[in-house]
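Here are the chains, one letter per residue:
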Amino acid sequence: MTQKTALITGITGQDGSYLAELLLEEGYRVVGMTRRTSTDVHERIRHIADQIEFYSGDLLDQSSITSIVADVRPSEIYNLAAQSFVPVSFTQPVLTGEFTALGATRVLEAIRAVDPKIRFYQASSSEMFGKVCAVPQNENTPFYPRSPYGVAKLYGHWITVNYRESYDLHASSGILFNHESSRRGKEFVTRKITDGVARIKLGIDKELRLGNLDAQRDWGFAGDYVRAMWLMLQQETPDDYVVATGRTNYVREFVRLAFDSVGLNYEPYVIVDPRFYRPAEVDLLIGDSAKARRVLGWEPAVTFEQLVENMVADDLSRLRPLVAN
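Residues numbered from 1 in each chain as written. Predicted model: local features only at pLDDT ≥ 70, side-chain atom pairs only at ≥ 80, totals over all residues. Heavy atoms only, no water.

(A) Local environment of the overall build of the chain. On a plain count of helices and strands, the chain comes out with 10 helices and 13 strands. Relative to the 2.2 N^0.38 estimate, which gives 20 Å for 325 residues, the radius of gyration of the chain is 20 Å and therefore close to what a compact globule would have. Projected onto the principal axes, the alpha-carbon positions of the chain cover approximately 60 × 50 × 40 Å. Here the chain, with 325 residues, has 54% of them falling under the buried criterion. (Helix = DSSP H or I, 4+ residues; strand = E, 2+ residues; numbered from the N terminus. Rg over C-alpha atoms; globule rule 2.2 N^0.38 Å. Buried < 20%, exposed > 50% of the residue type's maximum accessible area, 1.4 Å probe, protein only.)

So, in structure tokens, the structure goes:
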């Protein structure tokens, strides 16, 4: 049996690292497209870096993407690269559009030019639902994005549908709801919470400043969600799928569980700071993943409580040596 080759954009991110692990376990040749930077951004994949091939490319540069696809000749491409932090999208809306919206188009154009048989995965987002028109949200729920990031993701989603229908590409989108892990960047609220709790427990910090504690999200484990991505590209027919746990929790509940896991009451330590509120808030996201469960046979394995506890434990393990020194 011929070994499959997968090209991952955004391989150094949270999802890219878990997907690379999964594909290596499945026997793939794994190739990662990375941007040339002056800093080392391979922390999340350092443990498997010797098993991955790296190509330098940029979602802003069509020629570099097309050249990589032509050189690598992948059987599957997973487009995970994006400007993915919602607050930054308000301050850098044009750059967000270039990376997150037009970046997906450039990858699709490379596939069309090099080999239309390449299977393509687009990382769509629950942020496309934004000001929700129905609860819970599924593949047929109307979109109403509330941030430049959500708008850019919506463009990437629809251009994927357009290329699938116009050029008969095997192009699928995963509308993933919030998925977290200890590999999440500390600018994201979940990781900001677990890192902050660990710092308070170890005596490094005395307070944790957060924004809207009443926002509700459907949180799952990133390691579970990348399996859904892979399963989509193993199907005979391309399609779009919501990937979610189907359970929503307040940010406040995430905070409470994180502090509970280290034996502390959150109230004396948490300060609500208006600086961290979004200009346009997304109040309630909860996904209906019945289609993914039925067609892909996908199920989340890690519960919300386990996710929070594991993230705090990992941050404690990371920070303890700093305190000891």
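(B) Structural detail: the nonpolar core. In this structure, Ile 8, Leu 19, Leu 23, Val 30, Tyr 78 and Tyr 121 are the most contacted members of the largest nonpolar core, which totals 33 residues. Elements with a contribution of two residues or more to this core: strand E1 (5–9), helix H1 (14–25), strand E5 (119–125), helix H7 (222–233), strand E11 (240–243) and helix H9 (290–296). By residue number, the principal contributor to this core is H7, which donates nine residues. Once you skip the residues sitting within four places of it in the chain, Val 30 turns out to touch Ala 6, Ile 8, Ile 11, Ala 20, Leu 23, Leu 24, Gln 51, Ile 52 and Glu 53. Listed in part, the 26 residues of the second largest apolar core include Ala 198, Val 251, Tyr 266 and Val 312. (Core = buried A, V, L, I, M, F, W, Y, C linked by side-chain atoms within 4.5 Å. Contact = heavy atoms within 4.5 Å.)

(C) Quick peek at the packing of aromatic side chains. Tallying each qualifying case throughout the model produces 11 aromatic pairs. Linked through ring pairs, Phe 129, Phe 143, Trp 158 and Phe 177 together constitute an aromatic cluster. Looking at Lys 291, its charged tip hangs above the ring of Tyr 241, at a distance of 5.0 Å from the centre. (Phe/Tyr/Trp six-rings, centres within 6.5 Å; stacked < 30°, edge-to-face > 60°. Lys NZ or Arg CZ within 6 Å of the ring centre and 35° of its normal.)

(D) Focus on the sheet that holds E1. Pairing within the open sheet is parallel, and its seven strands lie in the order E3-E2-E1-E4-E5-E6-E11. The outermost strands of the open sheet, each flanked by one partner alone, are strand E3 (52–56) and E11. Ignoring which end each strand starts from, the neighbouring axes of this sheet average 20° apart. In the sheet, E1 pairs with strand E2 (residues 29–34) via five bridges, with the strands oriented parallel. Looking across to E2, one finds that Leu 7 is bridged to Val 31. Packing against the sheet, helix H5 (residues 148–167) makes contact with E5, strand E6 (171–176) and E11, and its axis sits at approximately 150° to E5. (Pairing = 2+ DSSP bridges. Axes fitted to C-alpha atoms, helices over the stretch in contact; angles between N-to-C directions.)

(E) Region of the structure containing the pairing of strand E4 (residues 76–79). On E4, burial covers both faces: Glu 76 and Tyr 78 on one face and Ile 77 and Asn 79 on the other are all buried. Of the pairings in the sheet, the one linking E1 to E4 comprises four bridges and is parallel in character. Looking across to E4, one finds that Thr 9 is bridged to Asn 79. Where E4 and E5 come together, four bridges link them in parallel fashion. Residue pairing for E5: Tyr 78 is matched across the bridge by Tyr 121.

(F) Inspection of H7 at higher detail. Given a rise of 1.5 Å per residue, 12 residues ought to cover 16 Å, and the 18 Å separating the end C-alpha atoms of H7 matches this to within 8%. For H7, a buried count of 10 out of 12 residues is recorded, marking the element as mostly surrounded by other parts of the structure. Taken together, the buried positions of H7 are Ala 222, Asp 224, Tyr 225, Val 226, Ala 228, Met 229, Trp 230, Leu 231, Met 232 and Leu 233. (Expected span 1.5 Å × (residues − 1).)

(G) Highlighting the packing of H1 against H7. It is at 9 Å that the axes of H1 and H7 come closest, and there the two elements cross at 65°. Crossing geometry of H1 relative to H7 is assigned as right-handed. Along its contact with H1, which presents Gln 14, Asp 15, Tyr 18, Leu 19, Leu 22 and Leu 23, the element H7 presents Ala 222, Gly 223, Val 226, Arg 227, Met 229 and Trp 230. Looking at the contact of H1 with H7 residue by residue, the classes come out as eight nonpolar, two polar and two charged. (Left-handed = near helix turned anticlockwise from the far one by under 90°. Nonpolar A, V, L, I, M, F, W, Y, C, P; charged D, E, K, R; others polar.)

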